[in-house]
Amino acid sequence: ENNLKPTVQWLKDLGMDDSEVVKVIASHPRLLSHHQEENLRPSVQWLKEDLGMIGSQVAKVIVQFPSLIGCSLEENLKPTVQWLKKDFGMI
């Protein structure tokens, strides 16, 4: 409950409207248990800096794939992107 309001506001600050915030939280309720500074913000920062996404793109990705934001950068996101780049020439 302590995380609900700050997390909802953080999602809105990324550019999501109310219905998108509801969809994200309903699809991935564990998001509310993630610490913003330790888990959520680094993932968003990585999407912006390393993949070159802008805010609206980040919001769209999170709405489509809410569990992505809870993935470990070092153990999941970075290795997956490296694999896509190396083996498929993607991204």
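Preceding this section is the structure that the text describes.
Residues numbered from 1 in each chain as written. Predicted model: local features only at pLDDT ≥ 70, side-chain atom pairs only at ≥ 80, totals over all residues. Heavy atoms only, no water.

## A few points about helix α4 (residues 55–64)
Here α4 has its buried residues at Val58, Ala59, Val61, Ile62 and Val63. In this fold, the buried residues of α4 make contact with α2 (18–27) and α3 (36–49). (Buried < 20%, exposed > 50% of the residue type's maximum accessible area, 1.4 Å probe, protein only. Helix = DSSP H or I, 4+ residues; strand = E, 2+ residues; numbered from the N terminus. Contact = heavy atoms within 4.5 Å.)

## A short note on the packing of aromatic side chains
Under the defined criterion, the tally for this structure stands at one aromatic pair. With 5.0 Å between their ring centres and 80 degrees between their planes, Trp83 and Phe88 make a pair best called edge-to-face. (Phe/Tyr/Trp six-rings, centres within 6.5 Å; stacked < 30°, edge-to-face > 60°.)

## Observations concerning the nonpolar core
Ranked by size, the top nonpolar core spans 20 residues in total, and within it Leu11, Met16 and Ile62 carry the most contacts. Not counting the four nearest positions on each side in its chain, Leu11 is found in contact with Met16, Val21, Val24, Ile25 and Leu31. (Core = buried A, V, L, I, M, F, W, Y, C linked by side-chain atoms within 4.5 Å.)

## Quick word on the packing of helix α1 (residues 4–13) against α2
Running from N to C, α1 and α2 cross one another at 125 degrees; their axes reach a closest spacing of 10 Å. The angle between α1 and α2 falls in the class oblique. In this structure, α1 crosses over α2, and the sense of that crossing is right-handed. The segment α1 lies against α2, with Val8, Leu11 and Lys12 engaging Asp18, Val21, Val24 and Ile25. Among the residues making up the contact of α1 with α2, the classes are represented as five nonpolar, no polar and two charged. (Axes fitted to C-alpha atoms, helices over the stretch in contact; angles between N-to-C directions. Parallel < 35°, antiparallel > 145°, perpendicular 65-115°, else oblique. Left-handed = near helix turned anticlockwise from the far one by under 90°. Nonpolar A, V, L, I, M, F, W, Y, C, P; charged D, E, K, R; others polar.)

## Section: the packing of α2 against α4
Where α2 contacts α4, the axes come no closer than 8 Å and their chain directions differ by 45 degrees. One element, α2, and the other, α4, form an angle in the oblique class. Only Ile62, Val63 and Gln64 of α4 make contact with α2, whose side of the interface consists of Glu20, Lys23 and Val24. Residue composition of the contact of α2 with α4, by class: three nonpolar, one polar and two charged.

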